[in-house]
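Read off the chains here:
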Amino acid sequence: MAEFGAHLTSATTDEERPTFFEVLAQEGLMTAIRPAIKHALRVLAEYNPARYSWLYRYSDEIYLTIDLVLQQHFLSTTSASFSENFYGLKRVATNCSKNGTASLHSRLPRKEHLKSLILLVLIPYLKLKLDSLFEKWKQEWLDGIGVSQSEQKTLKKLSSIYITLYPYLHMGWEGAHLYYQLAYLFDKSRYHSPLIRLAGVKLQHLTREDMIAQMQSLPSPFTNESSISDKMKVISKWLLGAVAIGVSNGLSVAVFFLQFLEWWYANESHRSTTSLTALPVPQPPKVKSKPESLPKDTSVCPLCFRTRTNDTALSTSGYVFCYPCIYTYIRTHKCCPVTGYPSQTDQLVK
């Protein structure tokens, strides 16, 4: 029976075709980097909420910028995304490969380059925002906040339709990816993802000629261009490439460092937890607002200064509020109203 599964790890009749595990590994690389960057920004925001809390608030946009710089650089220089180049893969336009016009180290055509950049950077960002919007509106409807505070009937209907239809759209999105992965696994398709097919490209292994061409195509800041505009273009392109290479090298090191941390904390979890009781009691969180602005009565909400209804604690600081008050505040400001610690609505404990 082993010969029927040989195509999973060994080369197929097309030697340039990546294996199933290679395409899954390169997709999982960027999936692991996003939460790592978000966690780093969160740690920085918790260290100094007054100065760095905005970094965590706009972490998705910061990651979008980093991703855009990385993907643009690698698509321009290696005809591959950052993760694809990390695993020794490249993108080849399907129309060029059919016509036989693609050379070993040719660059992506402009049309395929633009489509690849949009599908690599913009589409995942929009999908993330749609997921967040669905979770927010669903929670509001479950808690009755969206119905009571929303005064526009159009917005009510729109959110209701969105909450009803989006699970089916999400299921179609995931189902399409699963279909293409299974088709690629059983050698029924040369595309492992619908986004790859929409981009009009396919993945192949890098060859020795490709690697030599990539090294020779690196721009130099010392140019002999006569006009100042041409010099500025070359220098700006070189600086962009240098930043992208620095970020990519840093991310490559961070990936292995994160794997080491996962191994380290996995071993720590097996140890006895009795030592935790011997740790000193931490200091209470620093209060952002003036102490006199906080109510002396512990049964009063620090936001509305009324007796609390539906008591809800914020796990990042430990303060207790009315649920409608703290939910609306966290949704708007993304931080604790007392300490300024970055917070999210999923950190509310009823």
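Look up a bit, the structure's there.
This section reports on the structure supplied with the text.

About the criteria used
Every chain is numbered independently, its residues counted from 1 as its sequence is written. Under the rules for a predicted model, residues below a pLDDT of 70 receive no local features and side-chain atom pairs below 80 are neither given nor counted, while totals for whole chains, interfaces and linings still include all residues. With hydrogens and water stripped out, all remaining heavy atoms of the structure feed into the side-chain values. Only DSSP runs of H or I reaching four residues or more are called helices, and only runs of E reaching two or more are called strands; each is numbered from the N terminus. Three exposure classes are used, based on accessible area relative to the maximum for each residue type with a 1.4 Å probe and protein chains only: buried under 20%, partly exposed in between, and exposed over 50%. Whether two residues touch is decided by their heavy atoms; if any such pair falls within 4.5 Å, the residues are in contact. Note on areas: Shrake-Rupley, 1.4 Å probe, and residue coverage restricted to the protein chains presented here. For every element, the axis is a line fit to its C-alpha atoms; helices are fit only across the contacting stretch, and the angle between N-to-C directions ranges from 0 to 180 degrees. Each residue receives one of three labels: charged for Asp, Glu, Lys and Arg, nonpolar for Ala, Val, Leu, Ile, Met, Phe, Trp, Tyr, Cys and Pro, and polar for the others, Gly being one of them. To pair, rings of Phe, Tyr and Trp, with the six-membered ring standing in for Trp, must have centres within 6.5 Å; the planes then decide the type, stacked if under 30 degrees apart, edge-to-face if over 60, and tilted in the middle. Charge-over-ring placement is defined geometrically: NZ (Lys) or CZ (Arg) within 6 Å of the ring centre, and within 35 degrees of the ring normal. Only when DSSP finds a minimum of two bridges between them are two strands counted as paired.

1. Here's the deal with the overall build of the chain
For the chain, the count of helices and strands is twelve helices and five strands. Counting all 350 residues of the chain, 34% fall into the buried class. Of the contacts formed within the chain by residues at least 6 apart in sequence, a portion of 61% connects residues at least 24 apart. Surface accessibility of the chain: about 21,900 Å² in total, with carbon and sulfur atoms responsible for 63%.

2. Concerning the side chain of S159
Within the secondary structure, S159 sits in helix α8 (residues 153–185). On the basis of relative accessibility, which here comes to 6%, the residue S159 falls in the buried class. Discounting chain neighbours no more than four positions away, the residues touching S159 are W137 and W141.

3. What to know about the packing of helix α1 (residues 20–47) against α8
Each pair of packed helices gets described by two things: the angle between the helix axes and the distance between those axes. Closest axis-to-axis distance for the α1/α8 pair is 9 Å, and the angle between their directions is 150°. Residue-level inspection shows F20, V23, L24 and E27 of α1 in contact with α8, the latter providing Q181, Y184 and L185. The residue makeup of the contact of α1 with α8, split by class, is five nonpolar, one polar and one charged.

4. Quick notes on the packing of aromatic side chains
Scanning all chains against the criterion turns up nine aromatic pairs. Ring geometry for F74 versus F82: centroids 5.6 Å apart, planes at 65°, classification edge-to-face. Assigned by exposure class, F74 and F82 land together as buried. With a centroid separation of 5.2 Å and 25° between ring planes, the pair formed by Y162 and Y166 is classed as stacked. Placement of both Y162 and Y166 in helix α8 is noted, with a separation of four residues, approximately one turn of the helix. Of the two residues, Y162 and Y166, both sit in the buried class. In this structure an aromatic cluster arises from ring pairing among F74, F82, F86 and Y87. Over the ring of Y184 we find R17, and its NZ or CZ is 3.8 Å from the ring centre. We note K350 situated over the ring of Y323; from NZ or CZ to the ring centre the distance is 4.1 Å.

5. Examining the environment of G200
With respect to the secondary-structure elements, G200 resides in the loop between α9 (194–199) and β2 (201–205). For the pair G200 and S116, spaced 84 residues apart in sequence, the C-alpha to C-alpha distance is 8.3 Å. Residues within four places of G200 in sequence aside, it is in contact with V92, A93, T94, E112 and K115.

6. Section: the sheet that holds strand β4 (residues 320–322)
The three strands are arranged β4-β3-β5 in an open sheet whose pairing can be described as antiparallel. Looking along the sheet, the strands with just one partner apiece sit at the ends: β4 and β5 (348–349). The pairing of strand β3 (residues 311–314) with β5 spans two bridges and is antiparallel. Residue L314 lies in a different strand from β5, and its bridge partner there is L348. Across the sheet, helix α12 (residues 323–333) lies against β3, β4 and β5, angled at about 100° from β4, the strand it touches most.

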